[in-house]
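Structure assessment
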Amino acid sequence: MPRAAYTFCVLEALWRALRRRDVYAKGADRWGDPRARLLDDAAWGIARPGVLTSLGLPADPDEKLAELARDLDAAYRQVADGLGSNTAVRIADGRIELDRLGPEPEPAGMAAVRDAVAGMLPRIDYPELILEVNAHTGMFDGFTHITGSDARVEDLDISLAGVLVAESCNVGMGPVVKKGVKALTRGRLQGVDRAYFRAECIGAASAILVAAQGDIDIAADWGGGMMASADGMRFVVPVKSLHARPNPKYFGASKRRTGATWLNVISDRIMGLGGVVVPGTVRDSLYILDAIHNLDVPDRPEQVITDTASYSDIVFGLFAICGYQFSPRTADIGDTRLWRIPTKNRPQPRYGKFEDLPRHTVKLSAIADRWDDMLRVAGSLVTGKVRAYDLIRMMSADGRPTGLGEAFAHYGRIFKTQHVLQFLHDESYRRTINAQLNMTEARHALARRIFFGNLGELRQKYVTGMEDQLGALGLGLNCVTWWNTLYIDAAVKELEAGGMRISEEIRARLTPLQFEHINFNGRYPIARPELTGALRPLRDPGTEDDDG
């Protein structure tokens, strides 16, 4: 065999083994062994009591499994008893059939309130909106100099607003530069970009906005902040980048068209909580748990909603052991397996119509034998020692679960079954999931509107540049959401003061994702609004607007 051909065959075999996680590159980040980054024995011994307490997990697996068995049995019985009156669900020929949800009727008076509020929102340029949000919240206090210096140059807020517009609109510095304005010269903007505009500062500013939104009354009508959704927004990357991948589904059939995905997490109050940039591949959904563990805000959501393609049994298990209720939208319900926990020393319970379905049994011994390893994984994930994506790939390499992967899969099947049973039984649960995901899509539409420059393509070669620019887009989205929340609240209160009755149900359906009143285009005049802490006047919804 020619030496060159032999070398090529060895390299190809090594590449395939690395992808299957049969071989690891010692000390490498992407291709290293994720097990080597788990908490070691000494560190785990110190962290173990705190991890168990914070996650509410017992050291004894039998105690936890007995609790889950009782919960799953109760869920089966509740759903089975309700099947007679649940006309949306049918079980026939060994399959579950679930009717598609129709549109939920709007409450009486919704259209009038929605139109009135939209007509009252003041018209504003995007840069002025950013500066007004900073004046109310002090979000730019989250930006610190890279050297750690506390000194801040004059009109730093103007410069930061200029950089934020340039990055979030994807237009570059050109449209923002003003030669006669010291804070907006090209040199000043480039210096501020290098010294202040980095991921940790952008995240700190977003966290300020998320906290400040909680002080606006109407935000409480949208949710409690304990539910979040995670979904990916795709960007074509037309430049050569190690962090972009081809994907025929999203970027076209040509291997030259590559892209990346911004996997962002959004609260039920419609504020961005953080996100990660991942290569634009089909399996980027496996990064969702990493995104949840790297939020900009200190408070973690309790429930995480995703689309159909984002789950597997192992993913369910990892979310559950880390303390999250994982709630993916279940589209192909007829192909979903329901699992049962076997009983000891007593007959297996019977659950009415569910007896017509194929029976699948959770292997409790697989969980019990690996319980301490599973706890160590949970501790390593919540402390940031290891990435969930790497663990998932390692535990399910080439479609063959390892022993630890099998344990997480069986653990996840319990929670997946609970989720499916609730999905079948509770229409409001299904509507909540759909509403949250629809809101995520609406927020992505607003993001496309803001990120309009350069054909909406992400033209950063390195992952740090991608993270900084998409982080700026996330901060811009939060600025728009916060500003709209403030003025929607003011508009609702003015309408109520004028005698209009607005129910909680109507307030809950008003959205801060409107943008028709915001101008994102132009040469961007950037100047502080002279509001002295007050709000700008609301428009009269009954008056024609020449600027509309």
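Residues numbered from 1 in each chain as written. Predicted model: local features only at pLDDT ≥ 70, side-chain atom pairs only at ≥ 80, totals over all residues. Heavy atoms only, no water.

Side note on the layout of surface pockets
Approximately 970 Å³ is the volume attributed to the second largest pocket. Lining the second largest pocket we find 27 residues, and of these Arg431, Ala435, Gln436, Ala508 and Arg509 sit closest to its centre. (1 Å grid on protein atoms, 1.4 Å probe; cavity = no way out; pocket = protein on both sides within 12 Å on 5 of 7 lines; lining within 4 Å. Points joined across faces, edges and corners; volume = space filled by probe spheres on them.)

Points about the packing of aromatic side chains
Centre-to-centre distance and the angle between the planes together describe a pair of aromatic rings. A complete count under the given rule lists 14 aromatic pairs for this structure. Residues Phe140 and Phe143 carry aromatic rings whose centres are separated by 5.8 Å and whose planes lie at 70° to one another, so their mutual orientation is edge-to-face. Its relative accessible area of 0% is what places Phe143 among the buried residues. Aromatic pair Tyr287 and Tyr389: ring centres 4.0 Å apart, planes at 15°, arrangement stacked. Placement of Tyr287 in the loop between β7 (272-279) and α11 (288-292) and of Tyr389 in helix α15 (residues 388-395) is noted, with a sequence separation of 102 residues between them. (Phe/Tyr/Trp six-rings, centres within 6.5 Å; stacked < 30°, edge-to-face > 60°. Buried < 20%, exposed > 50% of the residue type's maximum accessible area, 1.4 Å probe, protein only. Helix = DSSP H or I, 4+ residues; strand = E, 2+ residues; numbered from the N terminus.)

Observations concerning the pattern of salt bridges
Per the stated rule, a full pass over the model turns up 28 salt bridges. The salt bridge involving Arg90 is made with Asp99; its shortest N-O contact spans 2.7 Å. Its relative accessible area of 36% is what places Arg90 among the partly exposed residues. With a relative accessible area of 34%, Asp99 lands in the partly exposed category. Salt-bridge contacts for Arg536 lead to Glu132; the nearest nitrogen and oxygen are separated by 2.7 Å. Of this pair, Arg536 sits in the segment after β12 (518-519) while Glu132 sits in helix α5 (residues 126-137), and the two are 404 residues apart along the sequence. A residue is classified by how much of its surface remains accessible, and Arg536, at 12% relative accessible area, is buried. Residue classification places Glu132 among the buried positions, given a relative accessible area of 1%. (Salt bridge = Lys/Arg side-chain N within 4 Å of Asp/Glu carboxyl O.)

Quick word on the side chain of Asp157
Position of Asp157 relative to the elements: it lies in helix α6 (residues 156-168). A residue is classified by how much of its surface remains accessible, and Asp157, at 18% relative accessible area, is buried. In this view, Asp157 contacts Leu131, Asn134, Phe140 and Arg528; residues no more than four positions away in its chain are not counted. (Contact = heavy atoms within 4.5 Å.)

The analysis is restricted to geometry; functional conclusions fall outside its scope.
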